[in-house]
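Coordinate inspection notes
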Amino acid sequence: MKEELCKAFCTDLTVRDVPAGLAVGTGFMGVAGDQIGFYLVGPDSLGLWRILDDGNTVPYLEASGADLGVQTRKETFDDLLEEYGATYDDDSTELSVDNVKRADLAAAAMKFVALLLRIQDMLFMTRERAESTWVEEATRDLTVGLQGRARIEENAHVSSALSDYPADLVIRGENRAPVALFFGVSDVKVYEALLLRFTALRKAEPCEVVVLFEKYNSVTRKARQRADNNLIAPTYRGGEHEAIARIVEVATGQSQAAMH
Amino acid sequence: MNWRDVVQSQKHVTEAGTWQSGKVARAAFPLSKSGNKAYRVGNKRWRAVRFTVGALEYRVLILLNEPFEQFQATLGAIVGNDMAVMASLEFHGTHGDWHIHHTEEDVAKIPAGFKRGSWIRKDEPPTPPPPFTRTGFGIDEPGAYKLTVDYFRLDNTSQFGDTLGFGQ
């Protein structure tokens, strides 16, 4: 599995020389319809590097209606920057992580991609209200289905080693690997789930990663294919019982039928 | 009228614009979704071209960041106080390929604003004519302006043929 995931991640990775430094492209699709990328600039006289976006992330969100002047969104944005040790330059509109040692660059770059994905989630903060109905419904069904045999934590991380990759729900069953569940409301969520899965494998942290979709076509075909091939990816609508039963089985090791 | 019709129509450039830094004035490229704020382009130089086709008014906003090898030329139609974005010719240093985001919809059916939804698709040139060398950039401000003029036929001459380099 690790090799398959490494292949999936690395196949789409590109590195180009540009006048500013190195331009890195990933296979993760951003909300503007282009793959997410970032730049590595350095080393400076102290041997330190800078990781930064192309300066488009925040202006695109703002031009699309996600106003960072709105208090709740601004707080979310500031919290994310603090969590990832990143800064935002209001003049250049660049997001960056500064003073990175060469030895830490690859891990820091992966964290930076996670930050970019999570910032793009902010565009869906208004849409999430409309989507909250099925998310609440599915969470309730899951709580009922687990029958108290596992604990559900909302907006949590699997372990301290994976604190940069939080999930919508973390389900902890007794003597079982924790289950990180993402609600597949956008491609970004799928990529966050893939990033968690890949990082967990790399760090040998036990966890299962689930993306629960409302409908089969809730995300693009490419994102759906990646989820199907690399994650546990049930579809809720039209198969609510089976979808929840699958997650319960992963979290507890028991089928729902066996628990009745 | 969709974006191909606009490109192929006879145009009258009313303002060629100049290269600038900083925020893009709302009059140059209005976007109601960004509230009262001007569109911020941060680390890029920008130039806005205004033109008309018949009675309708259009804009092309050119963004350029040479050190990052980023180019974007966005064609939009003025709809009231807002902009219906029809097409955007782009190059990103992080991926190194020329491509265009576009919608084949009539301007009347395009949601106003910058956000790219399901109505926008992305295409790459199947057979790259110059300057679409796929991995090349090498564009400065005069080059970026010339490419925009050529591609969107702002001077009413055809440099890229009827397929606009991207097929039908």
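One can find the structure itself at the top, above this paragraph.
The following refers to the structure shown. Predicted, not measured: the structure shown is a model, and the values here were computed from it.

Taken together, the 29 residues of chain B in the interface contact 40 residues of chain A. Summed over both sides, the interface of chain B with chain A buries roughly 2600 Å², with 46% coming from carbon and sulfur. On inspection of chain B and its partner chain A, the count reaches four salt bridges. Applying the counting rule to chain B against chain A returns 22 residue pairs in polar contact (both at pLDDT 80 or more). Looking at the side of chain B that touches chain A, the elements with two or more residues in it are strand 5 (82-91) and strand 6 (98-102) of chain B. Partitioning the side of chain B that touches chain A into residue classes produces seven nonpolar, twelve polar and ten charged.

Attention shifts here to the pattern of salt bridges. Counting across every chain of the model gives 25 salt bridges over all chains. Asp168(A) is the partner of Lys189(A) in a salt bridge, and the nearest nitrogen-oxygen pair spans 3.0 Å. Pair noted here: Lys189(A) is in helix 6 (residues 187-202) and Asp168(A) is in strand 8 (residues 167-173), with a separation of 21 residues, a long-range link. A residue is classified by how much of its surface remains accessible, and Lys189(A), at 8% relative accessible area, is buried. Owing to a relative accessible area of 13%, Asp168(A) belongs among the buried residues under this scheme. In this structure, the salt-bridge partner of Arg59(B) is Glu57(B), at a minimum N-O distance of 2.5 Å. For Arg59(B), a relative accessible area of 4% corresponds to the buried category. Via salt bridges that share partners, Glu137(A), Glu214(A), Arg237(A) and Glu240(A) belong to a single interconnected network.

Thresholds applied
- Residues numbered from 1 in each chain as written.
- Chains lettered and ligands numbered in written order.
- Predicted model: local features only at pLDDT ≥ 70, side-chain atom pairs only at ≥ 80, totals over all residues.
- Heavy atoms only, no water.
- Contact = heavy atoms within 4.5 Å.
- Buried area = accessible area lost by both parts, 1.4 Å probe.
- Salt bridge = Lys/Arg side-chain N within 4 Å of Asp/Glu carboxyl O.
- Polar contact = N/O pair within 3.5 Å; in protein donor to acceptor, adjacent residues only side chain to side chain.
- Helix = DSSP H or I, 4+ residues; strand = E, 2+ residues; numbered from the N terminus.
- Nonpolar A, V, L, I, M, F, W, Y, C, P; charged D, E, K, R; others polar.
- Buried < 20%, exposed > 50% of the residue type's maximum accessible area, 1.4 Å probe, protein only.

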